[in-house]
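Observations on chain architecture
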Amino acid sequence: MEGKDEDVRVGANRFRERQPIGTAAQTLDVKDYTEPPPAPLLFEPKELSSWSFYRAGIAEFVATFLFLYITVLTVMGVAKSSSKCSTVGIQGIAWAFGGMIFALVYCTAGISGGHINPAVTFGLFLARKLSLTRAVFYIIMQCLGAICGAGVVKGFQKSQYEMVGGGANMLSKGYSKGDGLGAEIVGTFILVYTVFSATDAKRNARDSHVPILAPLPIGFAVFLVHLATIPITGTGINPARSLGAAIIYNKDQAWDDHWIFWVGPFIGAALAASYHQIVIRAIPFKSK
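Rules used throughout
- Residues numbered from 1 in each chain as written.
- Predicted model: local features only at pLDDT ≥ 70, side-chain atom pairs only at ≥ 80, totals over all residues.
- Heavy atoms only, no water.
- Helix = DSSP H or I, 4+ residues; strand = E, 2+ residues; numbered from the N terminus.
- Contact = heavy atoms within 4.5 Å.
- Areas by Shrake-Rupley, 256 points an atom, 1.4 Å probe, with all protein chains shown as cover.
- Phe/Tyr/Trp six-rings, centres within 6.5 Å; stacked < 30°, edge-to-face > 60°.
- Buried < 20%, exposed > 50% of the residue type's maximum accessible area, 1.4 Å probe, protein only.
- Polar contact = N/O pair within 3.5 Å; in protein donor to acceptor, adjacent residues only side chain to side chain.
- Patch = residues over 30% accessible without salt bridge, like charges linked within 9 Å, V, L, I, M, F, W, Y side chains within 5 Å.
- Salt bridge = Lys/Arg side-chain N within 4 Å of Asp/Glu carboxyl O.
- Core = buried A, V, L, I, M, F, W, Y, C linked by side-chain atoms within 4.5 Å.
- Lys, Arg positive; Asp, Glu negative; His and termini not counted.
- Axes fitted to C-alpha atoms, helices over the stretch in contact; angles between N-to-C directions.
- Left-handed = near helix turned anticlockwise from the far one by under 90°.
- Nonpolar A, V, L, I, M, F, W, Y, C, P; charged D, E, K, R; others polar.
- Parallel < 35°, antiparallel > 145°, perpendicular 65-115°, else oblique.

- Taking an unreviewed UniProt entry as the reference, the chain is identified by name as Aquaporin like protein belonging to Melia azedarach.

If you want it as structure tokens, here you go:
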């Protein structure tokens, strides 16, 4: 039983696999990788004097604005039609959300990281990928962009906007608040976990996985989650999207269960960040 105490102390990291597994099995040429230092956990005033900080915030605003503009128009087109066969239907709505995320993440990833979602920003903040200063700024700009995007749609289609619900997220009949909250938690977990996996620098440096455009799996995850949860909540998984539509529509039914579309995504993002950092990356543990 010699060494038992040490095995218990260091856990599963005590021994390496005898044979490489997964994508690591494709090559024995392991590249060096250095974990970047964590972002400041508290307020970082130096960022406020950097133009790149404000440029990133503007990029988040514009991306969320365009995201709401296209997706709300798509939802309205489906809702106002008397025959679902004459519209793109639920599948088209899901493609609109997923496709726009794919395009917008591709456009803004090099500037702001392409979050376009307070839940994604929150998850990355918990993983120390960005500072509190930047996280708060991003969330504010995302929410403002969402409000403006929905507002522009209402501006030139006011009567139709009011009639079809303005794309606001609402809990569907037949589902409880717990059902809606669970759907938002799991849906956001899938999205944020995909974001972490698709943008993981360590995978790129250490593994020989097939190179893939990061926005593609992120957009596809959004598409699949919408297919599953549109019948339940209309699919939020993005507090800014839910807030923007709710503020511009501004009817009681849009606010009745609005808390679900903040609490659920934030819980899902926190779980995804914890799972990726602790289980997948094993960052709190030291390998020997």
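Things to note about the overall build of the chain
- Counting its secondary structure elements, the chain contains 12 helices and 0 strands.
- When the helices and strands of the chain are placed in sequence order, the string is α-α-α-α-α-α-α-α-α-α-α-α.
- Counted over contacts in the chain with a minimum sequence separation of 6, partners at least 24 positions apart contribute 80%.
- Element-wise, carbon and sulfur atoms account for 63% of the exposed surface of the chain, whose accessible area totals about 15,000 Å².

Description of the packing of aromatic side chains
- The tally for this structure, following the rule as stated, stands at 13 aromatic pairs.
- By the ring-pair criterion, three or more aromatic residues cluster together here, those being Phe53, Tyr54 and Phe137.

Describing helix H10 (residues 239-249)
- Of all 11 residues making up H10, 10 are buried, and the element is well covered by its neighbours.
- Between the side-chain oxygen at the start of H10 and the backbone nitrogen of Ala240 there is a gap of 3.1 Å, and the oxygen is on Asn238.

Notes on a nonpolar patch on the surface
- On the surface, Leu41, Leu42, Phe43, Leu48, Trp51, Tyr54, Ile58, Val62 and Leu66 cluster together to form a nonpolar patch covering roughly 880 Å² of accessible area.
- Take Ile58: it is sitting in helix H2 (residues 51-79).
- Judged by its relative accessible area of 42%, Ile58 is partly exposed.

What to know about the nonpolar core
- Ranked by internal contacts, the top residues of the largest apolar core, which has 49 residues, are Phe67, Ile101, Ile116, Tyr161 and Leu191.
- Element by element, the count of residues in this core is highest for H2, at 8 residues.
- The contact partners of Ile101, leaving out residues within four places of it in the chain, are Phe67, Ile116, Ile218, Gly219 and Val222.

Regarding the side chain of Arg241
- Residue position: Arg241 is located in helix H10.
- An unpaired buried charge is present at Arg241: no salt bridge exists, and Glu184, the closest side chain of opposite charge, is 8.3 Å distant.
- Reaching out from Arg241, the side chain makes a polar contact with the side chain of Asn169 at a distance of 3.4 Å.
- Apart from residues lying up to four places away in sequence, Arg241 is in contact with Phe67, Leu68, Phe97, Ala146, Gly167, Asn169, Gly234, Thr235 and Gly236.

Here we look at the side chain of Lys154
- Its location among the elements puts Lys154 in helix H5 (residues 132-156).
- With near-sequence residues (within four places) excluded, Lys154 lies in contact with Tyr161, Glu162 and Ile248.

What to know about the pattern of salt bridges
- Counted by the stated rule, this structure contains 5 salt bridges.
- Note that Arg134 is salt-bridged to Glu47, the shortest N-O span being 3.1 Å. Remark: Glu47 occurs in the loop between helix H1 (4-10) and H2 and Arg134 occurs in helix H5; sequence separation between them is 87 residues. Of the two residues examined, Arg134 and Glu47, each falls in the buried class.
- Notably, a salt bridge pairs Lys177 with Asp257, separated by 3.3 Å at the nearest N-O pair.

Examining the environment of Val195
- Within the secondary structure, Val195 is located in helix H7 (residues 177-198).
- With a relative accessible area of 9%, Val195 lands in the buried category.
- Sequence separation between Val195 and Pro215 is 20 residues; the distance between their C-alpha atoms is 8.5 Å.
- Apart from residues lying up to four places away in sequence, Val195 is in contact with Val120 and Ile218.

Points about unusual backbone geometry
- A positive phi angle, near 65°, is found at Arg128, a position not held by glycine.
- Its place among the elements puts Arg128 in the loop between helix H4 (118-126) and H5.
- Of the residues examined, Arg128 reaches a relative accessible area of 31% and is grouped as partly exposed.
- Non-glycine residue Ile237 carries a positive phi angle of around 50°.
- With respect to the secondary-structure elements, Ile237 resides in the loop between helix H9 (215-233) and H10.
- Note on Ile237: relative accessible area 3%, which makes it buried.

Considerations on the packing of H2 against H5
- For the pair H2 and H5, interaxial distance at closest approach is 7 Å and the crossing angle is 35°. Taken as a pair, H2 and H5 cross one another with a handedness that is right-handed.
- Its residues assigned to classes, the contact of H2 with H5 shows 21 nonpolar, 7 polar and 2 charged.

Here we look at the packing of H2 against helix H3 (residues 89-108)
- Where H2 meets H3, the axes come as close as 10 Å, and the angle between the chain directions of the two elements is 165°. Taken together, the axes of H2 and H3 lie roughly antiparallel to each other. As for the relative orientation of H2 and H3, their crossing is right-handed in sense. Within the contact between the two elements, H2 uses Ala59, Ala63, Leu66, Phe67, Ile70, Thr71, Thr74, Val75 and Val78 and H3 uses Gly89, Gly92, Ile93, Ala96, Phe97, Met100, Ile101, Leu104 and Thr108.
- For the contact of H2 with H3, the per-class residue count stands at 13 nonpolar, 5 polar and no charged.

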